[in-house]
Each structure stands twice: as C-alpha cells, then as structure tokens.
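# Understanding the architecture of this molecule
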Amino acid sequence: MMLDSIKKIKRRTQTMRKTISLFLALILSITLLGGISLAEDTRETLTILIQDSSYIEDYETNAYTKHLEEVFGINLDFQLLPSSGAGDKLAMMINSGETLPDIILYDLNYNTTWKYAQTGAIIPLTKYYEDPEYNANFEACKEIVGYDYLQYILMPDGEYYSIPYFQREIHSEVNNKLWINQAWLKNLNLEMPKTTEEFYEVMKAFVNDDPNGNGIKDEYGIDASTNGRQGSILTWLMNAFIYDDYNDHFILTDGKVDVAYDKEAWKEGLLYIRKLVDEGIIDVDCFTRDRAQQKALAENEEINIVGSFMNSSISLLNNTTDRWQDFVGCEPLTGPEGVSFCSYNQSTAKNRWFITKDCKNPDLAFKIGAFIHDPTEEEFLLIRYGVEGLDWVRPETDKANYEGFKATHHTIRTIWNTYQNSHWQKNGPIFAWNSDQAGWDTGDPDDWNHRVPTIVVKYINHLPAEGEYVPTLIYTEDEIDEASEIQSNLKTYVKECETLFVTRQMSIEDDWDSYLQELENIGYKQFIAVSQQAYDRMYGK
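All of the points below concern the structure found in this document. In this text the structure is predicted, and so the values were computed from the model without any measurement. (Residues numbered from 1 in each chain as written. Predicted model: local features only at pLDDT ≥ 70, side-chain atom pairs only at ≥ 80, totals over all residues. Heavy atoms only, no water.)

### Let's talk about the overall build of the chain
Stated formally: Each helix is a run of H or I in the DSSP string that is no shorter than four residues. Each strand is a run of E no shorter than two, and both are numbered from the N terminus. Radius of gyration: over C-alpha atoms. The globule rule applied is 2.2 Å multiplied by the number of residues raised to the 0.38 power. Each residue's exposure class comes from its accessible area (1.4 Å probe, protein chains only) as a fraction of the maximum for that residue type: buried when under 20%, exposed when over 50%, partly exposed otherwise. Whether two residues are in contact is decided by their heavy atoms: any pair within 4.5 Å suffices. Only the protein chains shown count as cover for residues, and all accessible areas are computed by the Shrake-Rupley method using a 1.4 Å probe. Here Asp and Glu are counted as negative and Lys and Arg as positive; His is not counted, and neither are the chain ends. Note that the charge is assigned to NZ on lysines, CZ on arginines, CG on aspartates and CD on glutamates.
Helix and strand content of the chain: 18 helices and 13 strands. Taken against the 2.2 N^0.38 rule, which gives 24 Å for 541 residues, the C-alpha radius of gyration of the chain at 25 Å falls within 12% of a compact globule. Taken along its principal axes, the extent of the C-alpha atoms in the chain is 80 × 55 × 45 Å. Within the chain, buried positions represent 55% of all 541 residues. A sequence separation of at least 24 residues applies to 76% of the contacts in the chain between residues at least 6 apart. For the chain, the computed accessible surface area is about 24,000 Å², with 49% contributed by carbon and sulfur atoms. Computed over 48 positive and 87 negative side-chain charges, the separation of the two mean positions in the chain equals 5 Å.

So, in structure tokens, the structure goes:
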C-alpha cells in the first residue's frame, strides 16, 4: 500500500510537470509567432524570506527556483536575511510588526517557533495536515519512516506551524568528525592515533617537526571553528572522557537525566585540552574562527599547513584540487579511562517552512512546501544535488556507498561548498530518508564520495547505546516557561567557560568550585528536573 501510494504521487507529479512544460512551450511558440503573449508578471507571485548564502549565485535565477516556478506556474521572489545575524534580523522584523513576506524559509528551533506562533506572525497549518487534498506526501513519508516524525514539530497548543525539514543523513548523525593528514603521518613515520596520548604525540610532531617540509614552522595541528557541533574540537576531544552531545550536554544513566559539565570526568577532559592549547597544538583562534576562515586555512594556496580539521565531511576541502586526498577520517579517541564516544546528532523533524500572517495565498504556499516534502525523494535530489545530467546522473548499478541502500544517484559535479546556481543547498522543507546514503559506489576506495562512508561506519561503533543518551525532548508550554531561559543561559555559560578554562583565562584548579556555584545560581538542577519530566513523558517505560 505504501509503495502504491508513493508511485501514485510520483506519477501525478511527473504528469503535472509534463503538462505545465507543454503549456509553457506552447505559449512560448505562440509568442514567437507574434500571437498571444503572456507577460510573466501576470502569474501569481509569492515571496520567500530566506537566509543569504555565499554559495548560491542568485535565488531568483537558481535552477531549483525555475523548476518550482514551472511546476506551479508562478513567480517566486526572494527577500534575503543576512548570512550573519539572520535570526536577529528576523526577530526585528517580527517584533516591529512590519508586513512579512508570504513564506519564511529558515531554521527555527522549537522554542522560537512557539514564541513566533504566539505573536501571530506565523499561522497554524494543522488544517492542511488533516486534509487529504494536502497531506498525501506526509502520510506516505510517515509510512516510510515507521513512526509519526511530525510529533517533533507539534507545538504545545496542539497545532503545527511549519512544514518540516526531515533528513536521515547517517554521516550527519555523527557529524563531529576529525580528518587527519595521512601524508604528514607518512612523512613523519607516524601511525594513526587511537588514544588521547597517541593523539597528543602525533599533533605535537605535526606542529614541531616540519611535516610539510618547507623549513618553516607554519603548521597548525588542528583546524577547528565555531561552526556548531561539526566544527567543535572541544566536543570531539571531550568524548574521550565523558559523553558530550554538544547541545545541552545531557547524559543518561538508568533512566535518570543528568549533565556532563559538572562531573570530574569533564574536568579531566578540560585539563587534557588545556595541555594541547598550552603547547600550540590547538591555536586559540579556533574558538572564534568561523567556517569560511577555517576553510581558507585548510586550503592555503602555497602549501598545506593543516594537520587535521574538524568537519562533518571531507567537503571542507574543494575537490577541484588534490588537497583532499591527503586527508582521511580519524576514529574517535579512547581516553585514559577507556571512554570512547562520538556525539550523536539525532535525525528529527525541524521547523523550516512557515506561512506568515501576511501571506496572500496560504493554500498555495502550503502546496509548494508539501511538494518539496516528497516521499519519492526526487525533489530532494534536485534541491540537494542540482540539475540532473549536469551535476548528477542516475547510477550505473544499484550498489550504494552504504550497505543496505539502493543507489539513486551519482555525483558528477560536486558543488556543495562552491559558488553555484543549481540548487538551494537542500534549504527547504525536504524529506530524505534514503537518498543521502544512496550515492553510487564506484568501487574506488579513493573516490571523493567513498571516503565519508568509510569513516562513518567506524564512528557509528562509538555512538552511545540506547539508554545512554537523551533523545530529542519536546517540552510543554509550562515546561518552556519554566526552563527555556535557564536552558539558554546554561548553554552560553558552559560554552564560555569551556573556552576560558582551556585558554587559562579561568583556572581549572582554582575556579572550579565557583564555576559549579554559578551553575547552581543559573538553575541547572531545575533544568535537569524539567528535562527529566519531559523525558519520562516521552520515553518513560
């Protein structure tokens, strides 16, 4: 039944595309013959508010934009949020009461979504999810997934306010990865490090023993950034001492929710990381370096100066040069007490496509978002990989990079982190359950598309077992009121103190007790109690 449903959706979509394409071709032919003309501006226009991207040439002329315009016979205009400070700009627009674009396409967390819903800036969409005319894609997607993933975007008032972004991307579930320079290991006759002590010795050699051979002490041991979990060297190293999920730093023992950052093991992790900072293995700039700066360092034109870098994928490096071939994934380290975790980034539905109070045609706005949320994943291939035949092709065989998946595509032009106009960098209300694991396996171990799955399989072996981590929590309205400010303050304080401790701006030895006291003052035990309540409600046996 599920497959029949998906096939019907796919046939209906393909028929609609062909019909619209023929109609447009006919109109164009008549126009060229001097007959009837159809002015483009007579078509309905919807405006999308979206964050600017340095990797996208022009949303107005982007191939995926043109694809949607053709399918729906509309115009799409775009209003850009700044690439930096987009959330602040959006908040200003909403708080000022100004007229909003029809659609907001932006990643809002649960609490912020609920806040904007309460202001009336975004409208409830529940009626569409309950209407067979609009909900076919979502029902088919739920059958594929095997559970109601929409629960993660259901707000405390029982309403949905967005169409979600939902992607199962195995390599992003373990996105806190370190890539190490195997050429430097070979140059210095070193083995791949497996423990924290071996890692220290390798990195010390990288920064002191001239592995790039230019006679200059210009090497960086670790190139990290502030780019979330995937850029965090602190999280990667801390997981050799105690489990660190990066976000709330939750740990779970026998069904009891707790946090890692008040434990002695956390303190031991900080002491180890501080040693790496003291010896120049970790440069202090990595705690303020953004991703663009990290990328520039890794792609230094004259000579490779980076011994390792933090990133979910090897794609931090451009595949138009050979630099990427020097790097392979480094498996999570084992600490002095035998601890060896990797941070788990659970795949969940995230609020992404919002229809505003000022939208001229909410029905159409929902239909477009629902169309992108495609159970066949054909839309995902276009919004993520680009133009078929130019950027990707259908695979020659069914063999995928990951076992258990059937290949759906083969990338022939890798344009993910390059300036391009083929796709939206998957920024949309996407559905992708299989496609990101379904790249064609060429059989070449040195293939760009093969290197990530090779290390992902090893990282998966270091994930905490079920019952050892706290899954995604959805808080009630009362719980949000009680704990959201505490949660925000804790995230800021813990992150700041991590950096201050390892850079000796705070003393681990002398300031630890005052640090714990400030956690008390902020209310971290109250936050743990509220989170326990949410956990018991959602996952309690």
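### What about the environment of Leu-382?
Relative to the helices and strands, Leu-382 is located in helix H14 (residues 378–385). Among the residues examined, Leu-382 registers a relative accessible area of 18% and is labelled buried. Once the C-alpha coordinates of Leu-382 and Ala-63 are considered, the two residues, 319 residues apart in sequence, prove to be 8.8 Å apart. Excluding its chain neighbours within four sequence positions, the residues that come into contact with Leu-382 are Tyr-64, His-67, Trp-392, Ser-422 and His-423.

### Remarks on the packing of aromatic side chains
Formally: Any two rings among Phe, Tyr and Trp, with Trp reduced to its six-membered ring, count as a pair given centres within 6.5 Å; such a pair is stacked if its planes are under 30 degrees apart, edge-to-face if over 60, and tilted if neither. Charge-over-ring contacts are defined here by two conditions on Lys NZ or Arg CZ: a distance within 6 Å of the ring centre and an angle within 35 degrees of the ring normal.
Tallying each qualifying case throughout the model produces 31 aromatic pairs. On the numbers, 4.8 Å between centres and 50° between planes, the contact of Tyr-129 with Tyr-160 is tilted. Of this pair, Tyr-129 sits in helix H5 (residues 126–129) while Tyr-160 sits in the loop between helix H6 (136–145) and strand E4 (163–167), and the two are 31 residues apart along the sequence. Linked through ring pairs, Tyr-128, Tyr-129, Tyr-134, Phe-138, Tyr-160 and Phe-366 together constitute an aromatic cluster. For Arg-168, the ring lying beneath its charged end belongs to Trp-433, and the centroid distance is 4.0 Å. Geometry around Trp-416 places Arg-384 over its ring, the cationic atom sitting 4.2 Å from the centre.

### Some remarks on the pairing of strand E7 (residues 256–259)
Here is the rule we go by: Any two strands between which DSSP finds at least two bridges are classified as paired.
Side-chain alternation along E7 places Val-257 and Val-259 on a buried face and Lys-256 and Asp-258 on a face that remains uncovered. Where strand E6 (residues 250–253) and E7 come together, four bridges link them in antiparallel fashion. Each residue of the ladder has a partner; that of Phe-250, found in E7, is Val-259. Taken together, E6 and the strand that follows it, E7, pair antiparallel across an intervening segment of two residues, in which Asp-254 is found at a positive phi of about 50°.

### Quick notes on the pattern of salt bridges
Which entries qualify depends on this criterion: Within this document, salt bridges are pairs made up of a side-chain nitrogen of Lys or Arg and a carboxyl oxygen of Asp or Glu, the two lying within 4 Å of each other.
Under the criterion given, the structure shown has 21 salt bridges. The partner of Arg-274 in a salt bridge is Glu-509, and the shortest N-O contact between them spans 2.7 Å. Remark: Glu-509 occurs in helix H17 (residues 508–522) and Arg-274 occurs in helix H11 (residues 264–278); sequence separation between them is 235 residues. Judged by its relative accessible area of 8%, Arg-274 falls in the buried class. Salt-bridge contacts for Glu-479 lead to Arg-537; the nearest nitrogen and oxygen are separated by 2.8 Å. Highlighted residues: Glu-479 in helix H16 (residues 477–502) and Arg-537 in helix H18 (residues 524–539), separated in sequence by 58 residues. The class of Glu-479 is buried, set by a relative accessible area of 2%. Each of Glu-139, Lys-142 and Asp-148 takes part in a single network of salt bridges with overlapping partners.

### Things to note about empty space enclosed by the protein
To find leftover empty space, one rolls a probe the size of a water molecule over the atoms. Using the following cut-off: Throughout, the protein atoms alone are placed on a 1 Å grid, and a set of points is a cavity if a 1.4 Å probe fits but cannot get out or a pocket if it is open with protein on both sides within 12 Å along at least five of seven lines; lining residues have an atom within 4 Å of a point. Grid points are joined across faces, edges and corners, and a volume is the space filled by probe spheres set on the points. Think of it as three bins: nonpolar holds Ala, Val, Leu, Ile, Met, Phe, Trp, Tyr, Cys and Pro, charged holds Asp, Glu, Lys and Arg, and polar takes everything else, Gly as well.
Under the definition given, this model contains three cavities of 30 Å³ or more. What the largest cavity holds in volume is close to 60 Å³. Taken together, 11 residues line the largest cavity, and the ones lying closest to its centre are Leu-317, Asn-318, Asn-319, Asn-417 and Thr-418. For the lining of the largest cavity, a count of residues per class yields four nonpolar, six polar and one charged.

### So, the pairing of strand E5 (residues 178–181)
Where burial is concerned, the two faces of E5 agree: the one with Leu-178 and Ile-180 and the one with Trp-179 and Asn-181 are both buried. As judged from the four bridges shared by E5 and strand E9 (residues 327–330), these two strands associate in the antiparallel manner. Bridge pairing links Trp-179 to Gly-329 in E9.

### Topic: the sheet that holds E9
What holds strands together in a sheet is hydrogen bonding between their backbones, with the strands either parallel or antiparallel. For clarity, the cut-off: In this analysis, axes come from line fits to C-alpha atoms, helices being fitted only over the stretch in contact, and the angle between any two N-to-C directions falls in the range 0 to 180 degrees.
A sheet is described by the order of its strands in space; here three strands give the open sequence E8-E5-E9, paired in antiparallel fashion. Where the open sheet ends on each side, the last strands, each with one partner, are strand E8 (308–310) and E9. With strand direction ignored, the average angle separating the axes of adjacent strands in the sheet is 30°. Sheet strands in contact with helix H9 (residues 196–208) are E5 and E8, and its direction is about 50° off that of E5.

### Section: helix H2 (residues 63–72)
Under the convention used in this document: Think of a polar contact as two N or O atoms within 3.5 Å of one another; within protein, one of them needs to be a possible hydrogen donor and the other a possible acceptor, and neighboring residues in sequence only count if both atoms come from side chains.
Summarising burial for H2: seven of the 10 residues are buried, a large majority. Those residues of H2 lying buried are Tyr-64, Thr-65, His-67, Leu-68, Glu-69, Val-71 and Phe-72. For H2, the capping residue at the N-terminal end is Asn-62, with a side-chain oxygen 2.9 Å from the backbone nitrogen of Tyr-64. Directly after H2, the chain includes Gly-73, whose backbone phi takes a positive value near 65°.

### Quick word on the nonpolar core
Note the threshold: We define the nonpolar core as a collection of buried residues of types Ala, Val, Leu, Ile, Met, Phe, Trp, Tyr and Cys that are connected through side-chain atoms lying within 4.5 Å of one another.
Formed by 165 residues in total, the largest nonpolar core has its most connected members in Ile-233 and Tyr-515. The element that contributes the greatest number of residues to this core is H16, accounting for nine residues. In contact with Ile-233, not counting residues within four places along its chain, are Leu-178, Ile-222, Ala-224, Ile-282, Cys-286, Phe-287 and Met-310.

### Considerations on the sheet that holds strand E1 (residues 45–51)
Strands sit in the order E2-E1-E3-E10-E4-E13 across an open sheet of six strands; the sheet is mixed. Edge strands, defined here as strands with exactly one partner in the open sheet, are strand E2 (75–81) and strand E13 (431–432). By the bridge criterion, three bridges tie E4 to strand E10 (residues 350–355) in an arrangement that is antiparallel. Within E10, the residue paired with Pro-164 across the bridge is Asn-351. The strands touched by helix H13 (residues 362–372) within the sheet are E1, strand E3 (103–105), E4, E10 and E13, with E10 carrying the most contacts at an inclination of about 150°.

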